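Spelled out from the first residue to the last, the chains are:
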Amino acid sequence: MAEEMDEAPESEDASGKEETRAYQSFLDLKGEIKKDCEHHNKWRKAADEWYGLYGNDQWDEEARKVLEEQGRPPISMNRIQRNIQAVAGHEISNRQEIHCIPREEGDSKVSEIATAAVKWFRDESYAEDEESTAFLDTLIAGMGWTELRLDHDMDPDGAPCDTRIDPMEMFPDRFATRANLLDGTRITRIRTVPKATALAMFPEASIGELNATWAKNYIEADPAIRDREKPAYEGASDIDDDDVSDVTLVECQWIEREHYYRIAEPVMEPIVAPPGVDPMSGQPTPPQPVMDPMTGLPAMRQTGERMVDLSTEDFGTLKQRKAVIGEAMPKYQKARRICRYKAFLGATGYLEEPEKMEGPDPANPEKTVSAPAFTYNCITGNWDSKQRWWFGLVAPMADPQKWANKLLSQILHIINTSAKGGVMIEEDSVEDIRAFEASWARQDAVTIVPRNHLNPAAPKIVPKPTAQFPAGLDRMMQMSFESIGEATGISQELLGLRGASQPGVLEAQRTQRGLTILARYFDSLRRFRAIKGKLLIYIIQTQIPDGRMIRIVGPASEQYVPLLKSEMSGTYDIKVDETPTSPSVKDRTWGMIAPMFEKLPPQVQMELLPYSPLPESAVSKIREATAKLMDQGANKADPKVEAAKAQMELEGQRFQAEQQMKAAGMQAEMEMKREQAAIDTQIAREKFEAEMALAKEKAAHDRDLAMQKASDEYEIAVYRENLKAQNEARWPAAMPAEPGFPQ
């Protein structure tokens, strides 16, 4: 009981320290999120304007009020949207697919199982559509986001989920400047959800704990609003939970660098004796392991070394054990690795303990593998080094579009105000001025005036001079419309609006040159899909249970097979390639292979059939029917062919027998060498042990001689001291000398 009482305060202290450490981590992360939000608020304001320009909201409120006061129409001739849609449509027509190549020795071939699993995941989550929407966000605002995860609400085993995320909710690391934010160490998502959704995600928390109102303060664009409502945004507010309808959720994923050690571990294998012959029966004996006479266990030999990773705690434990038993530490080196974490932040702390983004290694369940990327991934556009933000195609088109709108509004205002010219009359020119005004404004009415009032020599009714249309205003408007596309390099051929008659080859070349200007966007999309491919492999290897049915497209048909993660263990390289189902790829490829298609072998035709303009269902049926015909034809073989096959089989068997004999001879020779090496090793070991035993005996003999010498010296010293004492006792001190004798 006393021991339990002594241990209780230590446990409470440890728990308190852990809570203090977690709260300090929350405060540090909260401070970094604040700086990220303040940095991206300028981009959010610009992105809001870019989305407005794309969505036909191209006049700000101040300019709109001025036009309404002047009676001018706020017209928007939206040319931005069609340019953006043309580039986005080209991406949809030329979509890409992900291939997985295992990183292993030998030929580099695509893994059908891994590639099929990735394709199944993407098909189930409609990844292509979500990525196209994210690419559209990139063209508009410079950043497009998706989230890759498993949804356990839809399926207990996890439903594939790849969703587009609103860029206005994302706040990446303010120091990230590389394409696709590859150098970012932190990603934050701040969103507003209904209260019921928040409570369903965290049923054990209250609204006051869930509602991260401090984050709303960080993303407010108006400082006056921040200052006025700052007390309500700091921490958990005093507002009743029933009065809250929306909740601000903050999710953050970040990187921490941890130290670890790499230990050189020897790779051992048993020594096996070569096969022999039993002297009693004369039968061959299988290879037998060589036994160690000292231990009675199979003799082992070192064939190499492998590096084993140990954490700091495990390395410290190993070092202590080696010190206790007196063994030297193996070779090691200190290193660092990236570990990713994710957590939801509430009003005053973490809603749950931060989760380390790692999973069991399919090759070795005792080990873990870290996630290769965040679940949130970004497609980036062009980088503005001065503003330090990303922008898309709308930014350079904004000023030409606004200019065109203002010129069009000005031209319409001039036409409206000068369409019906006024008139100047003398006071006594007409009897009824109201009737004169009404008839003068109507083109089909007859206006009656007194005699001689229209005399050209002295007219009393004179039309007002009409306002002259400014020369060149129409050309300026035309130039402004042309500048919208020229600012981004989007050609008329890419838009499909080229009016001139030109050869198709020339038009295709000009379209390709126009796409070259936009190559940065498509390169970012390719890298984005490569990053997601690695993350997909990680999710499939670590989070999807075995036995999940996935679809595999074979040479002749499609089939569903259970997913076995043991067949997908290892590391994969990701290759992003154009998919054969893209319309543009189909047309381009089929145009090249159509003239020679009939001359190709049937097997090659079946491989090229997916590139034809035929529907996928028709292609699948044709390949299946062709495979059956080929199987039937194989069963009805020609006798001559069968004889040739038999002859080839005999030759193959003869060659195989010769090779086996050679291999047996080589194996016997190798086994003899191994046996000789084992004998040499045994002799060397015995020699070493004998030398060690001799050295130990010599050391013991030297130690005994040294001890005997020290004992003898001690006895001699004692004997001398005793003899000196006896002499002093026997011979007293010298008496004073008598006079006349020398001293």
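Since the model is a prediction, treat every value here as computed from it, not as a measurement.

K.L.:
Help me understand the overall build of the protein, please; the structure alone is not making it clear to me.
P.N.:
When you go through the protein residue by residue, the secondary structure sums to 20 helices and 23 strands. Counting every position in the protein, which comprises 743 residues, the buried fraction comes to 33%. Per element, the accessible surface of the protein, about 47200 Å² overall, is 53% carbon and sulfur.

K.L.:
Please explain the packing of aromatic side chains as it appears in this structure.
P.N.:
For any two aromatic rings, the description comes down to two numbers: the centre-to-centre distance and the angle of the planes. Enumeration according to the criterion identifies 14 aromatic pairs in this entry. Pairing Trp50 with Trp389 gives two aromatic rings, centres 6.3 Å apart and planes at 90°, and the pair type is edge-to-face. Placement of Trp50 in helix H1 (residues 2-54) and of Trp389 in strand S18 (residues 389-391) is noted, with a sequence separation of 339 residues between them. Among the residues examined, Trp50 registers a relative accessible area of 7% and is labelled buried. Taken together, the aromatic side chains of Tyr23, Phe26, Trp214, Tyr218, Trp254, Tyr341 and Tyr350 make up a single cluster linked through ring pairs. In this structure, Arg337 packs its charged tip against the face of Tyr260, placed 4.5 Å from the ring centre.

K.L.:
Help me out: how do you make sense of the side chain of Thr115 in this one?
P.N.:
Mapping Thr115 onto the fold places it in helix H4 (residues 112-124). A relative accessible area of 13% means that Thr115 is categorised as buried.

K.L.:
Explain the pattern of salt bridges to me, please; I cannot follow it from the model alone.
P.N.:
A side chain of one charge can pair with a side chain of the opposite charge when the charged atoms of the two come close. Considering all chains together, one arrives at 29 salt bridges under this definition. Put simply, Asp137 and Arg164 hold a salt bridge, and the shortest N to O gap is 2.6 Å. Taken together, the positions of Asp137 in helix H5 (residues 127-141) and Arg164 in strand S3 (residues 159-165) put the pair 27 residues apart, joining distant regions of the chain. Accessibility expressed as a relative area gives 4% for Asp137, which makes it buried. Across the salt bridge formed by Asp173 and Arg186, the nearest N and O atoms sit 3.3 Å from each other.

K.L.:
Would you mind going over the side chain of Thr248 with me for this structure?
P.N.:
Following the sequence through the fold, Thr248 ends up in strand S6 (residues 246-270). Look past the residues within four positions of Thr248 in its chain and what remains in contact with it is Ile190, Arg191, Thr192, Leu210, Asn211, Ala212, Ala215 and Lys216.

K.L.:
How do you make sense of empty space enclosed by the protein when you look at a structure like this?
P.N.:
Think of a ball as big as a water molecule: rolled over the atoms, this probe shows where empty space is left. Under the defined criterion, the tally for this structure stands at two cavities of 30 Å³ or more. By volume, the largest cavity amounts to about 50 Å³. Lining the largest cavity we find His39, His40, Pro172, Asp173, Arg174, Ala176, Leu181, Trp383, Arg388, Trp389 and Trp390. Its residues assigned to classes, the lining of the largest cavity comprises six nonpolar, two polar and three charged.

K.L.:
So what exactly am I meant to see when it comes to the pairing of S3 here?
P.N.:
Put simply, side chains in a regular strand alternate between the two faces of the sheet. S3 sits mainly inside the fold: five of its seven residues count as buried. With seven bridges connecting them, strand S2 (residues 143-151) and S3 associate as antiparallel partners. Paired with Trp145 across the two strands is Ile165, which belongs to S3.

K.L.:
Quick question: what am I supposed to make of the sheet that holds S2 here?
P.N.:
Taken in spatial order, the three strands make up an open sheet running S3-S2-S16, and their pairing is antiparallel. Since the sheet does not close on itself, it has two edges, and those belong to S3 and strand S16 (376-380), each with one partner. Between one strand and the next, the sheet's axes are offset by a mean angle of 20°, whatever the strand orientation. Of the strands in this sheet, S2 and S3 are in contact with H4, which crosses S3 at around 60°.

K.L.:
Just to check I follow, could you spell out the packing of helix H3 (residues 80-93) against H5 for this structure?
P.N.:
Any two packed helices are characterised by the angle at which their axes cross and by the distance between the axes. Remark: H3 packs on H5, axes separated minimally by 10 Å, with the N-to-C direction vectors making an angle of 145°. For the pair H3 and H5, the crossing hand works out as right-handed. Taken together, the residues of H5 that come into contact with H3 (itself represented by Ile84, Val87, Ala88, Glu91 and Ile92) are Ser132, Phe135, Leu136, Leu139 and Ile140. Residues that form the contact of H3 with H5 fall into these classes: eight nonpolar, one polar and one charged.

K.L.:
So what exactly am I meant to see when it comes to H3 here?
P.N.:
A turn of α-helix holds 3.6 residues, and therefore any two residues three or four places apart point the same way. Look at H3: 20 Å from first C-alpha to last across 14 residues, which is about the 20 Å you get at 1.5 Å a residue. Within the sequence span of H3, burial applies to Ile80, Asn83, Ile84, Ala86, Val87, Ala88 and Glu91.

K.L.:
Any chance you could explain the environment of Phe528 here in plain terms?
P.N.:
If you trace the backbone, Phe528 turns up in helix H16 (residues 519-542). Taking the C-alpha atoms as reference points, Phe528 and Leu181, separated by 347 residues in sequence, lie 9.9 Å from one another.

K.L.:
Mind showing me how you'd approach a nonpolar patch on the surface here?
P.N.:
There is a patch of nonpolar side chains on the surface, built from Trp403, Met476 and Met479 and spanning about 260 Å² of accessible area. One can find Met479 in helix H13 (residues 473-486).

K.L.:
Please clarify how unusual backbone geometry should be interpreted in this entry.
P.N.:
As a rule of thumb, non-glycine residues mostly have phi less than zero, and peptide bonds are mostly trans rather than cis. Although it is not a glycine, Asn56 adopts a positive phi angle of roughly 75°. With respect to the helices and strands, the residue Asn56 is situated in the loop between H1 and helix H2 (61-70).

K.L.:
Is there a simple way to explain H16 in this structure?
P.N.:
With 24 residues, H16 extends 35 Å between its outermost C-alpha atoms, agreeing within 8% with the 34 Å of an ideal straight helix rising 1.5 Å per residue. Across the 24 residues of H16, 17 count as buried, placing the element largely inside the fold.

K.L.:
Hey, could you run me through the nonpolar core in this one?
P.N.:
Across soluble globular proteins, nonpolar side chains have a tendency to be buried as a group. In terms of nonpolar packing, the biggest core is built from 50 residues, with Trp43, Trp50, Ile84, Leu139, Trp145 and Leu393 touching the most fellow members. Trp43 has contacts with Trp50, Ala141, Met143, Pro167, Met168, Trp389 and Trp390, leaving out every residue within four places of it along the chain. By size, the runner-up hydrophobic cluster in this structure holds 28 residues, among which are Ile98, Ala117, Ala530 and Ile544.

K.L.:
Would you mind going over the packing of H3 against H16 with me for this structure?
P.N.:
For the pair H3 and H16, interaxial distance at closest approach is 12 Å and the crossing angle is 40°. With respect to their mutual orientation, H3 and H16 come out oblique. When you trace H3 past H16, the crossing you get is right-handed. Between H3 and H16, the residues in contact are Val87, His90 and Glu91 and Phe522, Leu525 and Arg529, respectively.

K.L.:
What is the right way to look at a negative patch on the surface in this model?
P.N.:
A cluster of acidic residues, Asp60, Glu61, Glu62, Glu68 and Glu69, forms a negative patch on the protein surface. By the secondary structure assignment, Glu68 is in helix H2. Here Glu68 falls in the exposed class, since its relative accessible area comes to 54%.

K.L.:
What should I look at first to understand the confidence of the model for the protein in this one?
P.N.:
Detailed reading of predicted coordinates is not advised where the pLDDT is low. When the pLDDT values of the protein are averaged, the result is 79; 79% of them are 70 or greater. In the model, residues 1-9 has pLDDT below 50 throughout and makes zero contacts with residues more than four positions away in sequence or in other chains.

Quick notes on the rules
- Numbers given to residues run from 1 along each chain, matching the order in which its sequence is written.
- For a predicted model such as this one, the threshold for reporting local features is a pLDDT of at least 70, and the threshold for listing and counting side-chain atom pairs is 80 or more; totals across whole chains, interfaces and linings nevertheless cover every residue.
- As a rule here, side-chain values cover all heavy atoms of the structure and leave hydrogens and water aside.
- Under the scheme used here, helices are H or I runs from DSSP no shorter than 4 residues and strands are E runs no shorter than 2 residues, and both carry numbers assigned from the N terminus.
- For the exposure calls, accessible area comes from a 1.4 Å probe over protein chains only, and a residue counts as buried if that area is under 20% of its type's maximum, exposed if over 50%, partly exposed in between.
- Only the protein chains shown count as cover for residues, and all accessible areas are computed by the Shrake-Rupley method using a 1.4 Å probe.
- The criterion for an aromatic pair is that two Phe, Tyr or Trp rings (for Trp, the six-membered ring) have centres within 6.5 Å, with stacked assigned to planes under 30 degrees apart, edge-to-face to planes over 60 apart and tilted to the rest.
- Comment: the charge-over-ring label is applied if NZ (Lys) or CZ (Arg) is within 6 Å of the ring centre and within 35 degrees of the ring normal.
- For this analysis, a salt bridge means a side-chain nitrogen from Lys or Arg found within 4 Å of a carboxyl oxygen belonging to Asp or Glu.
- Pairs of residues are marked as contacts when any of their non-hydrogen atoms sit within 4.5 Å.
- Definitions used for this entry: grid spacing 1 Å over protein atoms alone; cavity, a set of points where a 1.4 Å probe fits but cannot get out; pocket, an open set with protein on both sides within 12 Å along at least 5 of 7 lines; lining residue, one with an atom within 4 Å of a point.
- Grid points are joined across faces, edges and corners, and a volume is the space filled by probe spheres set on the points.
- Throughout, the ten residues Ala, Val, Leu, Ile, Met, Phe, Trp, Tyr, Cys and Pro are labelled nonpolar, Asp, Glu, Lys and Arg are labelled charged, and all others, Gly among them, are labelled polar.
- A pair of strands is considered paired only if DSSP assigns at least 2 bridges between the two.
- All axes are obtained by fitting lines to C-alpha atoms, using only the stretch in contact for helices, and the reported angles, taken between N-to-C directions, cover 0 to 180 degrees.
- If you view the pair so one helix is near and one far, a crossing is left-handed when the near helix is turned anticlockwise from the far one by less than a right angle, and right-handed when it is turned clockwise.
- An expected span of 1.5 Å times one less than the residue number is assigned to each helix.
- The residues that make up patches have over 30% relative accessible area and no salt bridge, and they are joined within 9 Å when like-charged or within 5 Å when they are Val, Leu, Ile, Met, Phe, Trp or Tyr.
- Definition used in this section: a nonpolar core is a set of buried Ala, Val, Leu, Ile, Met, Phe, Trp, Tyr and Cys residues joined via side-chain atoms within 4.5 Å.
- Note that the term roughly parallel is reserved for angles under 35 degrees, roughly antiparallel for angles over 145, roughly perpendicular for angles of 65 to 115, and oblique for everything else.
- We score Asp and Glu as negative and Lys and Arg as positive, and we do not count His or the chain ends.
- Note on charges: their place is set at NZ of Lys, CZ of Arg, CG of Asp or CD of Glu.
- Every residue gets a pLDDT, meaning the predictor's confidence in that residue, from 0 to 100.

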